[in-house]
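Summary of the model geometry
In case you want the letters, here they are:
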Amino acid sequence: KDTTGLLLIAKHLEAAQHLTEQLRDHAVQKTYIAKVVGAPRLKSGIIQAHLCKKRIGGEEKVVIDPKDGKEAITEFKVLSTRHNISTLELKPKTGRMHQLRVHCSHLGCPIVGDKKYGYTGPRATLKLHATQLQFKYKGRALKLQAPEPQDF
């Protein structure tokens, strides 16, 4: 709910079924931009870490768990780094809950504003933005884009 940018909503059942099928088959290409603390060691790569929900200290969180977790894959690329804040392009290949937030934290670079997954800086809104969606609908390839918010 705190992520900005594109949100895809079907207006009728046929569209919902078609989009659900594409999401299940990983045919929807999603691109996010995130502002993170620090910079990953590599300028680009693939994060593969199995994720599952656990209750930790009275709070439900998504954690990396190779044994009980489900596969989660994210491609990342560092777009820029300035004053210890990097801008990452994130392309999830799977769609697990909090996947991008946990994967960024796993890189050692929590998303700015994400107190749940490791951000310890001053109060800030979550800097995660859904910038592009690509999918097919009624035989047409669609590409939707949302520019970054001004406060990003």
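Residues numbered from 1 in each chain as written. Predicted model: local features only at pLDDT ≥ 70, side-chain atom pairs only at ≥ 80, totals over all residues. Heavy atoms only, no water.

1. Re the side chain of Thr131
With respect to the secondary-structure elements, Thr131 resides in strand S8 (residues 128–137). A relative accessible area of 16% means that Thr131 is categorised as buried. Other than its neighbours up to four places away in sequence, Thr131 contacts Leu6, Thr31, Tyr32, Ile33, Leu144, Gln145 and Ala146. (Helix = DSSP H or I, 4+ residues; strand = E, 2+ residues; numbered from the N terminus. Buried < 20%, exposed > 50% of the residue type's maximum accessible area, 1.4 Å probe, protein only. Contact = heavy atoms within 4.5 Å.)

2. Section: the pairing of strand S7 (residues 85–92)
Taken across its eight residues, S7 has six buried, putting it largely inside the fold. Looking at chain direction, strand S2 (residues 29–37) and S7 are connected through six bridges and run antiparallel. Each bridged residue has a counterpart across the sheet, and for Val37 the counterpart in S7 is Ile85. In the sheet, strand S6 (residues 73–82) pairs with S7 via eight bridges, with the strands oriented antiparallel. Bridging from a neighbouring strand, Thr81 pairs with Ser86 of S7. (Pairing = 2+ DSSP bridges.)

3. Quick notes on the pairing of S6
The pairing of strand S3 (residues 44–48) with S6 spans five bridges and is classified as antiparallel. Note that in S6 the partner of Ser44 across the bridge is Lys77. Between S6 and the antiparallel strand that follows it, S7, lie two residues; His83 among them carries a positive phi value of about 50 degrees.

4. Quick look at the pattern of salt bridges
One pass over the structure, following the stated rule, counts six salt bridges. The residue Asp65 makes a salt bridge to Lys54 at a minimum N-O spacing of 2.6 Å. You can see Asp65 sitting in the loop between strand S5 (59–64) and S6 and its partner Lys54 sitting in strand S4 (residues 51–56), a full eleven residues away along the chain. Since its relative accessible area comes to 10%, Asp65 is described here as buried. Judged by relative accessible area, which is 32%, Lys54 ranks as partly exposed. (Salt bridge = Lys/Arg side-chain N within 4 Å of Asp/Glu carboxyl O.)

Keep in mind that these numbers describe shape and distance, not what the molecule does.
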